[in-house]
Amino acid sequence: CLAFHSSFFKSTMGGKGSKSVKKSPGEPHRGVLSKTLIGHKDTVMNICFSPDGRYLASCSADKTIIIWDMRSMKPIHHISAHRAEVNAVCFSPDSANLLSCGRDSKVSLWDVKNGQRVYSSRIARGPIMHCDYAKDTNKYFATGSEGGCVGIFEVNSTGITKKILEGHRDIVFQVCFSPDRVQLASCGNDRKIVLWNRGTGRILAKLKDKYSRVLTCQFNPDGTLIAAVVDGERVRIWNAITHEIVCVLEGHHHAPIISCSFSPNGELVATVSGDKTYALWNPTEPHPLPVFHIKAHDNWIQTVAFSPNGIFLATGSNDMKINLWI
């Protein structure tokens, strides 16, 4: 277990992180700033590690994407990707391609090795808020749009075909494929999470929050839980099979919660907030308290992700920085 408890609150901010601090897989999280990645000129909107752990991708309101080499901690590609704010990025399961979407209503695919665009399409009348690759195959990816539509795209020998799913009445903030190869989850401003059959597009279930919009949704690594940020005030965790609420993560942040992420082993949930902090929680407890809570940036934190080996926790912020914590 972690050596810190909920009363531990400490700032370890330091310079530009010119020298990286290292730890080994399996070591407990220490809340130490290992490295700061600087390259964007506006808010870091989203970050994503490649499944093989070699790369980190970041996207920004500055309309660019940066692909970082995790060995050298330096950028290998800085791409002028969209004509407006880039909202999300996601690697393909084989780490060869990167998916991006933005406020210019476009979704694009990029070759990770050479940084070149291999596909681009305007797929909605309004901004594309989020995108995700299926966890098991390069064949499927999905998008969620401001217009309330969810799109499932299939890559085949003749090109890319799309299927539009209608189940939301307002902005779709996030989409997420389950690890079981069956479901796609989407959430939005209409106060619900919709679970879809990936193959047929049929609605399997709707998880509703009575009072609040649902900002993010994410499956845990074995697909048995779904975590969702609800109206920035709390994180509800549902059983993905019974659709019952397992626990609620709330309190301890002093500004809206923006995003959350499961650790690779599923034992922790990270939350980030407008109060410039991140917190780590144990989602298996009925009334969880943070096991770790730390000041991480100089401005709102927009996005959080664990590296596949669990060594790094990455946070991206309105301060234009990406911090890597161990």
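See the structure above.
Our subject in this report is the structure included herewith.

Definitions and limits used
Residues numbered from 1 in each chain as written. Predicted model: local features only at pLDDT ≥ 70, side-chain atom pairs only at ≥ 80, totals over all residues. Heavy atoms only, no water. Helix = DSSP H or I, 4+ residues; strand = E, 2+ residues; numbered from the N terminus. Rg over C-alpha atoms; globule rule 2.2 N^0.38 Å. Buried < 20%, exposed > 50% of the residue type's maximum accessible area, 1.4 Å probe, protein only. Contact = heavy atoms within 4.5 Å. Areas by Shrake-Rupley, 256 points an atom, 1.4 Å probe, with all protein chains shown as cover. Phe/Tyr/Trp six-rings, centres within 6.5 Å; stacked < 30°, edge-to-face > 60°. Salt bridge = Lys/Arg side-chain N within 4 Å of Asp/Glu carboxyl O. Pairing = 2+ DSSP bridges. Axes fitted to C-alpha atoms, helices over the stretch in contact; angles between N-to-C directions. Polar contact = N/O pair within 3.5 Å; in protein donor to acceptor, adjacent residues only side chain to side chain.

For the chain, the helix and strand inventory stands at 0 helices and 29 strands. Expected size for 326 residues packed as a compact globule is a radius of gyration near 20 Å; at 18 Å, the chain falls within 12% of this value. Dimensions of the chain, computed from the C-alpha atoms along their principal axes, are close to 50 × 45 × 30 Å. Burial statistics for the chain: of 326 residues in total, 57% are counted as buried. For the chain, the proportion of contacts with a sequence separation of at least 24, taken over those separated by at least 6, is 44%. Total accessible area computed for the chain in this model is approximately 13,800 Å², and 48% of it derives from carbon and sulfur atoms.

A few words now on the packing of aromatic side chains. Taken as a whole and assessed by the stated rule, the structure comprises 4 aromatic pairs. Relative to Phe153, the ring of Phe141 lies with its centre 4.8 Å away and its plane at 10 degrees, an arrangement referred to as stacked. Separated by 12 residues along the polypeptide, Phe141 in strand S12 (residues 140–145) and Phe153 in strand S13 (residues 149–156) bring together distant segments of the chain. On the basis of relative accessibility, which here comes to 0%, the residue Phe141 falls in the buried class.

Take the pattern of salt bridges next. Once their charged atoms are close, side chains differing in charge can pair, the charge on each being opposite to the other. Inspection of the entire model under this criterion finds 11 salt bridges. A salt bridge links Arg198 to Asp136, with the shortest nitrogen-to-oxygen separation between them at 2.8 Å. Pair noted here: Arg198 is in the loop between strand S17 (192–197) and strand S18 (203–208) and Asp136 is in the loop between strand S11 (128–133) and S12, with a separation of 62 residues, a long-range link. According to the relative accessible area criterion, Arg198 is buried, its value standing at 11%. Two residues, Arg213 and Asp231, come together in a salt bridge whose shortest N-O distance is 3.1 Å. Of this pair, Arg213 sits in the loop between S18 and strand S19 (214–219) while Asp231 sits in the loop between strand S20 (225–230) and strand S21 (234–239), placing them 18 residues apart in sequence. Classification of Asp231 as partly exposed rests on a relative accessible area of 29%.

With that settled, consider the sheet that holds S20. The strand order across the open sheet built from 4 strands is S19-S20-S21-S22, with neighbouring strands paired in antiparallel fashion. Because the sheet does not close on itself, it has two edges, and the strands there are S19 and strand S22 (245–250). Geometrically, the sheet is characterised by an average inter-axis angle of 20 degrees between neighbouring strands, direction not taken into account. Taken together, the 5 bridges between S19 and S20 define a ladder with antiparallel strand orientation. Residue pairing across strands places Phe219 opposite Ile226, the latter belonging to S20.

Another point: the side chain of Thr271. Relative to the helices and strands, Thr271 is located in strand S24 (residues 269–273). You can call Thr271 buried: its relative accessible area is 0%. A polar contact is formed between the side chain of Thr271 and the side chain of Trp281, at a distance of 2.9 Å. Excluding its chain neighbours within four sequence positions, the residues that come into contact with Thr271 are Val235, His253, Ile257, Ser259, Cys260, Thr277, Tyr278, Ala279 and Trp281.

Now for the sheet that holds strand S15 (residues 172–177). Reading across the sheet, the 4 strands line up as S15-S16-S17-S18 and stay open at both edges, with antiparallel pairing between neighbours. The open sheet is flanked by S15 and S18, the only strands paired with a single partner. In this sheet, neighbouring strand axes are inclined to one another by 15 degrees on average, regardless of whether the strands run parallel or antiparallel. Pairing of S17 with S18, which is carried by 5 bridges, proceeds in the antiparallel orientation. By the bridge assignment for S18, Ile193 is matched with Leu207.

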